[in-house]
Amino acid sequence: MVDFNVVLAGLTDAFQLTNLLFVLAGVVLGQFVGAVPGIGPVMAMAIAIPFTFVLDPLPAIGFLVGVNKGGLVGGAVPAVLINTPGTPDAAATALDGHPLAKQGKPVKATKMALYASVTGDTFSDLVLVTVSAPLAIVALKMGPVEVFALMIFAFSIIAGLVGNSLSKGIIAAALGLLCATVGLDPEHSTPRLYFGWFELYDGLPLASVAIGMLAISEILRRLASTNGGMKSAIEIPVAQNPEDMRVRWVEYWSCRYTMLRGAVIGTILGALPGIGSTAAAFMSYASAKQTSDDPQSFGKGNLHGIAAAESANSAVVGANLIPLLTLGIPGSVGAALIISAFMIHGIQPGPLLFEQQGRLVYGLFGAMIMANFINLFVGQVGLRFWILVVRAPESVIFSSALLLCIVGVSMATGGLFGVSVMLIFAGVGYLMTAFGYSVVIFIIAFFLGPRFEISLSQTLVLLDGDVAALVNYPIAIVLLLLAIVATWWLGFRAAARQANKQPA
Amino acid sequence: MDRLLNRSSGLFFIAFGIFLYFVVIPYDTESVDYGWVRPQTVPNAMAWIIIIAGLAQLIRPTGSVSADIAKMSRAAMHLLIVAGGVLAISQFGFRLVSPLLALAIMLTVGERRPVWLALGVIGIPVLIWFVVAVLLGRPLP
């Protein structure tokens, strides 16, 4: 168990002015990019990671967490105002947020989104703080065979849930694992698939692959769809009734059960790898509607609808870090980017993290809690400003983002070779998205690839190649059985349902 | 149309997997004859998985497709512009090329307003230079 002194020291670190300022900067940047449709916190995190090289680990990771959290709040602004979610998970917020804005209450709608988001996020962070250390102790008792089985289980859940087609999910995961094999193989240290480029001896640079597939491919998609004109924002009334510009305590308190249910749904789904905040938001919205006394009012500007969606999608962020910190398995692309930031700073996420870097982990927890309060404060002050951001032209936003990606990857990889790799993966990511192959699965598989291969190798050595020896590892057997059930339940069944829905 | 495109992508991945298994992996992976997981084991396994999943996609296509030839052509054009820009950066440096690259991108998406053009072409590259070279003290490409 982590020493209490370490916990206190970590939390104290989080309250240092420098660290707080970086969290603040992350939240401001996150809310800004969240408010711009098309960029979003994931792209912003991908671009920002190389710029955090020069920072110490805590301010760097606190900054990225701030971007992630701020992005979820900012994402609700365009969803409410122009029915164009800044982030996919804000789509559920738009269902009631936009009708409320059209009723002349855009500020009230965005403020409700802010309060619900901070409430859900804080709940999820508290669960993370209390649950992750005991879980890490359990995880430490797992050997290579159990870790290998756990990775198979994680893959089965990710492949089944993120993609809407099992075969496409499997292909995306296989491509990610294949790309992870570029460079020296972990058992024999012999080079493979490097095509004569010695820069690839260490493998494909994670920054190039992640930024290429997540940021550049999305920018290309948006550039191909834009016509240079500004998006038509809704008319925001100049003189609003003051009552329509704030959320009264009674209104907030009346949503407490809705927000609590959303936070619980978001926390549970967030702790499972691969499900994501969009599913949590819609699930919470649906359950709020089902249990409401007035379900007909949903979709027409009901505050409960906004509260349900925002509390759930924000609760996913904290819970996503549970598998990351305890097992080293990223539950989402955002978590995969945070894990890459850990590794850039020479820190290996996983159960040993609590033993070796306990102070940093609790510093991160402190930074996350502070980020919630900062999110609330910045949101209160900044919402009116973010409303203006929605009107920024895409031409400026995306040309700037392209330049930042080039500079960022060049800094991260030490030259333009990494930028070339980024452009290749931008093309691959664009084509994969166009043909319905999940880029998210690819990135997570690419990240897990080296560890998967090492644990496979260790497992075969321990079992001496005899699968029957698995009987000595009951936890691994349970995990493998769960993987089979998950693949059948989430993959084959879902694929069959979809095939039945598709016209011949 | 979706089914046809899904089948085509399945066919592509079958061909890709076969090409990987018979050409790329044997040619570009050093073979080792000991150990449980050899350098070619995982790549070969992935090639087989891609072939089998591609076959499944060919026989029973599932999932949505949003491929639009016009948009894909525009995306390819933008990718080529950026690739050209990166090539130019390698020759002339970021400071000289970045305003031109930003201008090219903004013009191709139809931006014609002088103020926004000035912001994208002058303001943003100067801001990047200031943050990277001055504040962070790192060299620009």
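Structure first, text after, so check above.
Residues numbered from 1 in each chain as written. Chains lettered and ligands numbered in written order. Predicted model: local features only at pLDDT ≥ 70, side-chain atom pairs only at ≥ 80, totals over all residues. Heavy atoms only, no water.

Asker: Describe helix α11 (residues 256-271) of chain A, listing the residues and the values that go with them.
Answerer: All names here are of chain A. Taking 1.5 Å of rise per residue, 16 residues should cover 22 Å, and α11 covers 22 Å from first to last C-alpha, within 8% of that figure. Looking at α11, one finds that the buried residues are Thr258, Met259, Gly262, Ala263, Ile265, Gly266, Thr267, Leu269 and Gly270. Residues of α11 that are buried make contact with α6 (106-140), α10 (249-254), α12 (277-291) and α13 (303-327). (Helix = DSSP H or I, 4+ residues; strand = E, 2+ residues; numbered from the N terminus. Expected span 1.5 Å × (residues − 1). Buried < 20%, exposed > 50% of the residue type's maximum accessible area, 1.4 Å probe, protein only. Contact = heavy atoms within 4.5 Å.)

Asker: Describe a nonpolar patch on the surface, with residues and values.
Answerer: Residues and elements named next belong to chain B. Together, Ile122, Val126, Leu127, Trp129, Phe130, Val131, Val134 and Leu135 line one region of the surface with nonpolar side chains, adding up to about 710 Å² of accessible area. Tracing the backbone through its elements, the reader meets Ile122 in helix α5 (residues 114-135). According to the relative accessible area criterion, Ile122 is exposed, its value standing at 52%. (Patch = residues over 30% accessible without salt bridge, like charges linked within 9 Å, V, L, I, M, F, W, Y side chains within 5 Å. Areas by Shrake-Rupley, 256 points an atom, 1.4 Å probe, with all protein chains shown as cover. Salt bridge = Lys/Arg side-chain N within 4 Å of Asp/Glu carboxyl O.)

Asker: Describe the interface of chain B and chain A, and please don't skip the residues or the numbers.
Answerer: The interface is formed by 68 residues belonging to chain B together with 69 residues belonging to chain A. Both faces combined, the contact of chain B with chain A buries some 5900 Å², and carbon together with sulfur accounts for 73% of it. Among the residues chain B hides against chain A, the three largest losses belong to B:Asp28, B:Trp36 and B:Val37. Together they make up 11% of the total. Counting the contacts that link chain B with chain A gives zero salt bridges. Taken together, the connections running from chain B to chain A amount to 15 residue pairs in polar contact (both at pLDDT 80 or more). Of the residues that constitute the side of chain B that touches chain A, the class distribution is 43 nonpolar, 15 polar and 10 charged. (Buried area = accessible area lost by both parts, 1.4 Å probe. Polar contact = N/O pair within 3.5 Å; in protein donor to acceptor, adjacent residues only side chain to side chain. Nonpolar A, V, L, I, M, F, W, Y, C, P; charged D, E, K, R; others polar.)

Asker: Residue-level account of the nonpolar core, with values.
Answerer: Among the nonpolar cores identified, the biggest contains 145 residues, and A:Leu204, A:Leu325, A:Phe342, A:Met422, A:Phe442 and A:Ile443 are the most heavily contacted of them. The leading source of residues in this core is helix α19 (residues 439-463) of chain A, at 12 residues. Built from parts of two domains, this core gets at least three residues from each of domain 1 (2-59) and domain 2 (69-135) of chain B. Apart from the residues lying within four places of it in its own chain, the contact partners of A:Ile443 are A:Val209, A:Ala210, A:Met213, A:Leu214 and A:Ala336. (Core = buried A, V, L, I, M, F, W, Y, C linked by side-chain atoms within 4.5 Å. Domains from an automatic or database assignment.)

Asker: Outline the pattern of salt bridges, listing residues and values.
Answerer: Pairing between side chains of opposite charge can happen when their charged atoms approach one another. Residue and element names in this part refer to chain A. Considering all chains together, one arrives at eight salt bridges over all chains under this definition. Here Asp125 and Lys69 are joined by a salt bridge, their closest N and O atoms 2.7 Å apart. Remark: Lys69 occurs in helix α4 (residues 57-82) and Asp125 occurs in helix α6; sequence separation between them is 56 residues. Take Lys69: its relative accessible area is 0%, and that puts it in the buried class. Residues Glu251 and Arg248 are paired through a salt bridge, measuring 3.5 Å at the closest nitrogen-oxygen approach. Residue class for Glu251 comes out buried when judged on its relative accessible area of 14%. A relative accessible area of 33% places Arg248 in the partly exposed class. Connected through shared salt-bridge partners, Lys69, Asp121 and Asp125 make up one network.

Asker: Describe the layout of surface pockets, with residues and values.
Answerer: Empty pockets left among the atoms are what a rolling probe the size of a water molecule brings to light. Approximately 1100 Å³ is the volume found for the second largest pocket. The element that contributes the greatest number of residues to the lining of the second largest pocket is α5(B), accounting for eight residues. (1 Å grid on protein atoms, 1.4 Å probe; cavity = no way out; pocket = protein on both sides within 12 Å on 5 of 7 lines; lining within 4 Å. Points joined across faces, edges and corners; volume = space filled by probe spheres on them.)

Asker: Which residues make up unusual backbone geometry, and what values do they have?
Answerer: Residue and element names in this part refer to chain A. One non-glycine residue, Phe195, lies in the positive phi region at around 50 degrees. Within the fold, Phe195 resides in the loop between β2 (191-192) and α9 (206-225). Overall, the relative accessible area of 46% leaves Phe195 in the partly exposed class. With phi around 55 degrees, Asp464 is a residue other than glycine that occupies positive phi space. Structurally, the position occupied by Asp464 is in the loop between α19 and α20 (474-501).

Honestly, that's just the spatial picture; any functional story needs more than this.
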